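Here are the chains, one letter per residue:
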Amino acid sequence: MVLILLSSVWSSYSNKTFHTLSECEFNVPEERVMEVVDKFVYEFQADVQELFTWAYIGTGNEGNSERDALAINYKESHYDPVTRESYNILDVIVNGKPMFKDRRIGGHYNDTVINGTYHSRLDIDYSGSMLDKANAQFHITPLDSARVRVQLEINMRFGWFFNIFVTNRVWTNNVEWRVGVVLDNIKEYAETGTVTKKNQSQAIKKVRSKRKLE
């Protein structure tokens, strides 16, 4: 069986911030990519549970002590389409135990076009020991009428508690590969209208890591 490597993903760490970028080429017109990215951002803000039916397939908690040391249990989603602001109520699970319960994580969305690349950005708003600053961004660049380069970028600076717990190894094992899998799933959905069911191990095999944290 020939393994088709879809997204590449790599990470770095600087200024107490983890940076992860995943990139791949979508074989569909720009309009289709925009439609699916808009769907992803909307559901992340308004109904995050829907993402587990397509974009988050293969990323869920399966009890692996390495890959599931960090997990999130989403409870509620609230979204204002006028202001593009939202918040989620969630629990953060550390090594199988809820360490932060019923935390409110806010978000504000904005988009812009710079030199032909569409940038779609969600900034996370939270005050506490768990998280200092975070954002997620899509960068969408048309290559021709039927091909688009898409990058999914995650930047996260933890608060004092997770600064102790989240080492480079923990980030790589828990976050980095999930970013690549999510982008693979978005690509598959954009190109086929569906996402194949898969477990963590199957999902990880389709992600190529280009550079590890140092």
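Preceding this paragraph is the structure being described.
Treat the numbers as computed from the prediction; the structure is a model and nothing was measured.

Participant: Quick question: what am I supposed to make of the pattern of salt bridges here?
Facilitator: Enumeration over the complete set of coordinates arrives at 13 salt bridges. Two residues, arginine 169 and glutamate 66, come together in a salt bridge whose shortest N-O distance is 3.3 Å. Here arginine 169 is found in helix α3 (residues 168-192), whereas its partner glutamate 66 is found in the loop between α1 (30-46) and β3 (70-80), with 103 residues between them in sequence. Among the charged side chains, a network of salt bridges with common partners joins Glu25, Asp144 and Arg147.

Participant: Would you mind showing me how to read the nonpolar core here?
Facilitator: Across soluble globular proteins, you tend to see nonpolar side chains buried next to one another. Grouped together as the largest cluster of nonpolar side chains are 50 residues, with contacts concentrated most on Phe26, Phe40, Trp54, Phe138, Phe162 and Ile186. Considering each element in turn, this core owes the most residues, nine residues, to α3. Among all residues touching phenylalanine 138, those that are not within four sequence positions of it are Val37, Phe40, Val41, Tyr118, His119, Ser120, Val150, Gln151, Leu152, Leu183 and Ile186.

Participant: Got a minute to help me understand the packing of α1 against α3 in this structure?
Facilitator: For any two helices packed against each other, the geometry is given by the interaxial angle and the distance between the axes. Packing of α1 against α3 brings their axes to within 10 Å, and their N-to-C directions diverge by 130°. Judged by the angle between their axes, α1 and α3 are oblique. For the element pair α1 and α3, the recorded crossing hand is right-handed. Residues Arg32, Val36, Lys39 and Phe40 of α1 pack against Val182, Ile186, Tyr189 and Ala190 of α3. The residue inventory of the contact of α1 with α3, partitioned by class, reads six nonpolar, no polar and two charged.

Participant: How should I be thinking about the packing of aromatic side chains in this particular structure?
Facilitator: The geometry of an aromatic ring pair is captured by the separation of the ring centres together with the interplanar angle, meaning the angle of the planes. Counted according to the given criterion, the structure contains 18 aromatic pairs. On the basis of an interplanar angle of 55° and a centroid distance of 4.6 Å, the ring pair of tyrosine 13 and phenylalanine 18 is categorised as tilted. Taking 4.6 Å as the distance between ring centres and 45° as the angle between the ring planes, the aromatic pair formed by tryptophan 54 and tyrosine 189 counts as tilted. Here tryptophan 54, found in the loop between α1 and β3, pairs with tyrosine 189, found in helix α3; they are 135 residues apart in sequence, far enough to count as distant. Judged by its relative accessible area of 4%, tryptophan 54 falls in the buried class. Here the aromatic residues Tyr13, Phe18, Phe100, Phe158, Trp160, Phe161, Phe162, Phe165 and Trp171 are joined through ring pairs into a cluster of three or more. Arginine 104 extends its terminal NZ or CZ atom over the ring of tyrosine 87, reaching a point 3.6 Å from the ring centre.

Rules used throughout
Residues numbered from 1 in each chain as written. Predicted model: local features only at pLDDT ≥ 70, side-chain atom pairs only at ≥ 80, totals over all residues. Heavy atoms only, no water. Salt bridge = Lys/Arg side-chain N within 4 Å of Asp/Glu carboxyl O. Helix = DSSP H or I, 4+ residues; strand = E, 2+ residues; numbered from the N terminus. Core = buried A, V, L, I, M, F, W, Y, C linked by side-chain atoms within 4.5 Å. Buried < 20%, exposed > 50% of the residue type's maximum accessible area, 1.4 Å probe, protein only. Contact = heavy atoms within 4.5 Å. Axes fitted to C-alpha atoms, helices over the stretch in contact; angles between N-to-C directions. Parallel < 35°, antiparallel > 145°, perpendicular 65-115°, else oblique. Left-handed = near helix turned anticlockwise from the far one by under 90°. Nonpolar A, V, L, I, M, F, W, Y, C, P; charged D, E, K, R; others polar. Phe/Tyr/Trp six-rings, centres within 6.5 Å; stacked < 30°, edge-to-face > 60°. Lys NZ or Arg CZ within 6 Å of the ring centre and 35° of its normal.

Purely geometric numbers; function is a separate question.
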